Amino acid sequence: MDWFPLYNSLRIAGISTFITFFTGICAAYYISKTSKFTKGVLDCLLTLPMVLPPTVVGFFLLKTIGPLGPIGSVVMELFGFRLTMTWYSAIFATAIVTFPLMYRTVRGAFDGFDHNLTYSAQTLGLSNTYIFWHIMVPNCKDGILAATVLAFARALGEYGATTMVTGYIPGRTATISTTVYQLWREGNDAAAYKWVMVNLVISFVVLVAVNMLENSYRQPKGRAVNHTLSEEFERK
């Protein structure tokens, strides 16, 4: 077997997950502090790629970063390279498609956070940055990890939007999903089944990881955070 599709899929999923990890957490943190109306409007806008067909997302992306698009044409003119039909083109597609998963899952974890811990930390004179990284994130870490795993799995299996902007070029842009489709078109069911099994194994591992994180998330987290606040109180 040519293992390039697996390598390329892992590469694309890893980079796009890295991007959505930080952007999703940042968006979830600041939006969770806004008013109910603002939160509702932004939720609709940011989660729209999750309900749109992936091919529609790919179409808009192609019209934006394609050679004739407003961004793609400028990049082509200034730097001389294309943003479509390359392996890194899929990063744009997977990042957009997986962002809503990261954002909504993390925001749900932040909404369930006990803000009395924040108020207690503020009475000790702790900065918002310290509160976020040492109190809020540890308390919501299982939700953040679950969102990361889900975003990675979604990026690994993305097909519609990816195909629109990368196509299928063996050894250059091929991913697991596009390879399965291409092998089916060629009538090579034996090779297609091999890639299907690879995808099933990866999906099973992801589901096990998510279930373990969900079970851990249901356990109380207050003890570790209270210990942190106690240490800060002793320092003060």
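From a predicted model like this one, the values you see are computed outputs, not experimental measurements.

J.: So what's going on with the pattern of salt bridges? Residues and values would help.
T.: Using the criterion set out here, one finds three salt bridges in the structure. Two residues, R107 and D43, come together in a salt bridge whose shortest N-O distance is 2.2 Å. Of this pair, R107 sits in helix α6 (residues 89-111) while D43 sits in helix α2 (residues 36-46); the two residues are 64 residues apart in sequence, bridging distant segments of the chain. Residues R107 and D43 agree in their burial class; the two are buried. Note that D111 is salt-bridged to R107, the shortest N-O span being 3.0 Å. With D111 and R107 both in helix α6, this residue pair falls four residues apart, about one helical turn. Residue classification places D111 among the partly exposed positions, given a relative accessible area of 36%. On the basis of relative accessibility, which here comes to 10%, the residue R107 falls in the buried class. One continuous salt-bridge network, built from bridges that share partners, spans D43, R107 and D111.

J.: I'd like to hear about the confidence of the model for the chain, residue by residue, with values.
T.: Residues with a pLDDT of 70 or more make up 90% of the chain, whose mean pLDDT is 87. Element-level pLDDT for the chain is lowest in helix α13 (residues 222-235), with a mean of 54, against a maximum mean of 94 in helix α1 (residues 4-31).

J.: Quick rundown of the packing of aromatic side chains? Include the residues and the values.
T.: For any pair of aromatic rings, the description consists of the separation of the ring centres together with the inter-plane angle of the planes. Applying the stated criterion across every chain yields a total of 15 aromatic pairs. Centre to centre, the rings of W3 and W195 are 5.6 Å apart; their planes meet at 70 degrees, and the pair counts as edge-to-face. Linking W3 in the segment before α1 with W195 in helix α12 (residues 189-217), this pair joins segments that are 192 residues apart in sequence. Taken together, a centroid distance of 5.9 Å and an interplanar angle of 35 degrees make the contact between Y181 and W184 tilted.

J.: Provide a residue-level description of the packing of α1 against helix α9 (residues 141-156), including the pertinent values.
T.: Between α1 and α9, the least distance of the axes is 8 Å, while the angle of their chain directions is 140 degrees. Judged on the interaxial angle alone, α9 and α1 are oblique. The hand of the α1/α9 crossing is right-handed. Contact residues: S9, L10, A13, G14, S16, T17, T20, F21 and I25 in α1; I144, T148, A151, F152, A155 and L156 in α9. In the contact of α1 with α9, the residues fall into nine nonpolar, six polar and no charged.

J.: Tell me about the UniProt feature "transmembrane region" (unreviewed entry) in the chain, residues and numbers included.
T.: Summarizing the sequence annotation, UniProt attributes the feature "transmembrane region" (unreviewed entry) to residues 12-32, 44-65, 85-103 and 192-213 in the numbering used throughout. This span, residues 85-103, is 79% helix and 0% strand, and a straight line between its end C-alpha atoms measures 28 Å. Summarising residues 192-213: 100% helix, 0% strand, and an end-to-end C-alpha distance of 32 Å.

Conventions used here
Residues numbered from 1 in each chain as written. Predicted model: local features only at pLDDT ≥ 70, side-chain atom pairs only at ≥ 80, totals over all residues. Heavy atoms only, no water. Salt bridge = Lys/Arg side-chain N within 4 Å of Asp/Glu carboxyl O. Helix = DSSP H or I, 4+ residues; strand = E, 2+ residues; numbered from the N terminus. Buried < 20%, exposed > 50% of the residue type's maximum accessible area, 1.4 Å probe, protein only. pLDDT = per-residue confidence, 0-100. Phe/Tyr/Trp six-rings, centres within 6.5 Å; stacked < 30°, edge-to-face > 60°. Axes fitted to C-alpha atoms, helices over the stretch in contact; angles between N-to-C directions. Parallel < 35°, antiparallel > 145°, perpendicular 65-115°, else oblique. Left-handed = near helix turned anticlockwise from the far one by under 90°. Contact = heavy atoms within 4.5 Å. Nonpolar A, V, L, I, M, F, W, Y, C, P; charged D, E, K, R; others polar. UniProt positions renumbered as here; feature names shortened; annotations may be inferred.

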